[in-house]
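# Descriptive structure summary
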Amino acid sequence: MRDNGVLNTTDLVNKAAQDIPGLHLRHDHPQGMAGLKGDITLITSELVTQNKIEFPAMAGLFRTREKDDLHPAGFVRASMSIPMFFESYFIKDIPCHLPEIRTQWKEIFDEDDPPSVARFVDGGILSNFPINIFYNPKVTVPRLPSFGIDLDDSAPEDKSKHADSWTIMGYFGRIFNTIRNYYDKDFQLKNKVYSKGIGSIPLAEYNWLNFFITDTEKLAMFERGAEAATNFLLQFNWEEYKNDRAFMQATIDGTKAGAVSN
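Now for a look at the structure at hand. (Residues numbered from 1 in each chain as written. Predicted model: local features only at pLDDT ≥ 70, side-chain atom pairs only at ≥ 80, totals over all residues. Heavy atoms only, no water.)

### So, the side chain of Ser88
Formally: Helix numbers and strand numbers start at the N terminus; a helix is a DSSP run of H or I with at least 4 residues, a strand a run of E with at least 2. Exposure is judged per residue with a 1.4 Å probe applied to protein chains only, and the accessible area is read against the type maximum: over 50% gives exposed, under 20% gives buried, and values in between give partly exposed. By the criterion applied in these results, polar contacts are pairs of N or O atoms within 3.5 Å in which, for protein atoms, one can donate a hydrogen and the other can accept it, and in which residues neighboring in sequence qualify only through two side-chain atoms.
Within the secondary structure, Ser88 is located in the loop between helix H2 (72-79) and strand E3 (89-91). On the basis of relative accessible area, Ser88 is assigned to the buried category, the value being 17%. In this structure the side chain of Ser88 is engaged in a polar contact, spanning 2.9 Å, whose partner is the side chain of Arg119.

What follows is the structure, given as structure tokens:
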């Protein structure tokens with residue numbers, strides 16, 4: 001990050017939003033390229049207040065704009081702090097008494113007593129597939145699809161609905177996956193069109209906690225990903241996705257309007 005001029009939160013936001021040479025739309029759209037600046041979101045789980053935190057968007061919960069001293073490397077560190085494998089990441093000396101900080105906590109989490117110290121672990125504990133961050137309520141007809149990649153490392157025998165036949169690892173895996181996937185699953189169930197933009201890569205032979213994967217295994221995983229991506233893109237129907245997305249937003253807007261009138 002330092003080599004690319006990223007020393008604080010503002011630097012990260014500006015770096016992500018810089019113009020991409022050659023980026024253009026293949027078809028005309030009323031909005032053109034407006035609002036298509038890049039950004040980045042790192043998900044982490046905050047244990048003191050028990051909330052899902054999105055960095056850098058929520059950096060204002062922990063520092064004021066004037067004191068922009070949070071290094072983005074810390075956001076990465078927080079997002080991958082798998083419990084029992086890595087130590088938690090801490091943000092200390094939060095000026096929780098300041099009105100600006102207190103207002104942020106109140107608006108985002110309805111929290112009246114912000115912490116002075118925050119403790120973070122892996123974002124996957126609460127949200128392992130946060131496709132909801134791509135939802136924009138201002139968009140009716142999308143200019144671009146939202147694609148997601150699901151790395152499916154569950155063993156075939158542990159996918160069985162016959163609960164009495166699961167392995168012990170399959171049993172504990174079900175418990176953990178229920179916790180980490182429910183938030184994202186709930187969003188997909190309520191916004192099913194997003195599922196049409198999600199491809200899956202079967203990786204049952206690979207353990208996501210294997211920190212010593214070989215180069216041969218890395219290449220095999222890459223090839224499997226390329227094959228899965230090819231199959232997904234060949235069957236993806238952009239016009240159908242676009243129409244379904246527009247219908248979904250119209251339904252949401254209509255429901256909100258009905259609720260207000262009632």
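Past the structure itself, the notes keep going.
### Concerning the pattern of salt bridges
Counted only if it meets this: Salt bridge, as used here, is a side-chain nitrogen of Lys or Arg placed within 4 Å of a carboxyl oxygen of Asp or Glu.
Under the definition given, this model contains eleven salt bridges. Put simply, Asp69 and Arg63 hold a salt bridge, and the shortest N to O gap is 3.0 Å. Across the pair Arg224 and Glu205 runs a salt bridge, and its minimum N-O distance is 2.8 Å. Taken together, the residues Arg224 in helix H5 (residues 215-235) and Glu205 in the loop between strand E6 (198-202) and H5 connect sequence positions 19 residues apart. The network of salt bridges with shared partners includes Lys106, Asp110 and Asp112.

### Focus: a nonpolar patch on the surface
Going by this rule: Within the patch definition used here, like charges are joined within 9 Å and nonpolar side chains (Val, Leu, Ile, Met, Phe, Trp, Tyr) within 5 Å, considering only residues with over 30% relative accessible area and no salt bridge. Residue-level accessible areas treat just the shown protein chains as cover; the underlying method is Shrake-Rupley with a 1.4 Å probe.
Together, Met1, Val76, Met80, Met84, Phe85, Phe86, Phe211 and Phe212 line one region of the surface with nonpolar side chains, adding up to about 870 Å² of accessible area. Tracing the chain through its elements places Met1 in the segment before helix H1 (9-16). Its relative accessible area of 40% is what places Met1 among the partly exposed residues.

### Things to note about the sheet that holds strand E2 (residues 51-55)
Heads up, the condition is: Each pair of strands is called paired provided DSSP finds at least two bridges between the two strands. Working convention: axes come from line fits to C-alpha atoms, limited for helices to the stretch in contact. Angles between N-to-C directions cover 0 to 180 degrees. Contacts: residue pairs with any heavy atoms within 4.5 Å of one another.
Spatial strand order, E2-E1-E4-E3: four strands in an open sheet with antiparallel pairing. Of all strands in the sheet, those with a lone pairing partner are E2 and E3, marking the two edges. Within the sheet, the average angular offset between the axes of one strand and its neighbour, ignoring direction, is 40°. The pairing of E3 with strand E4 (residues 118-122) spans three bridges and is antiparallel. Note that in E4 the partner of Ile91 across the bridge is Ala118. Its contacts with the sheet put H2 on strand E1 (42-46), E2, E3 and E4, and the angle it makes with E1 is roughly 65°.

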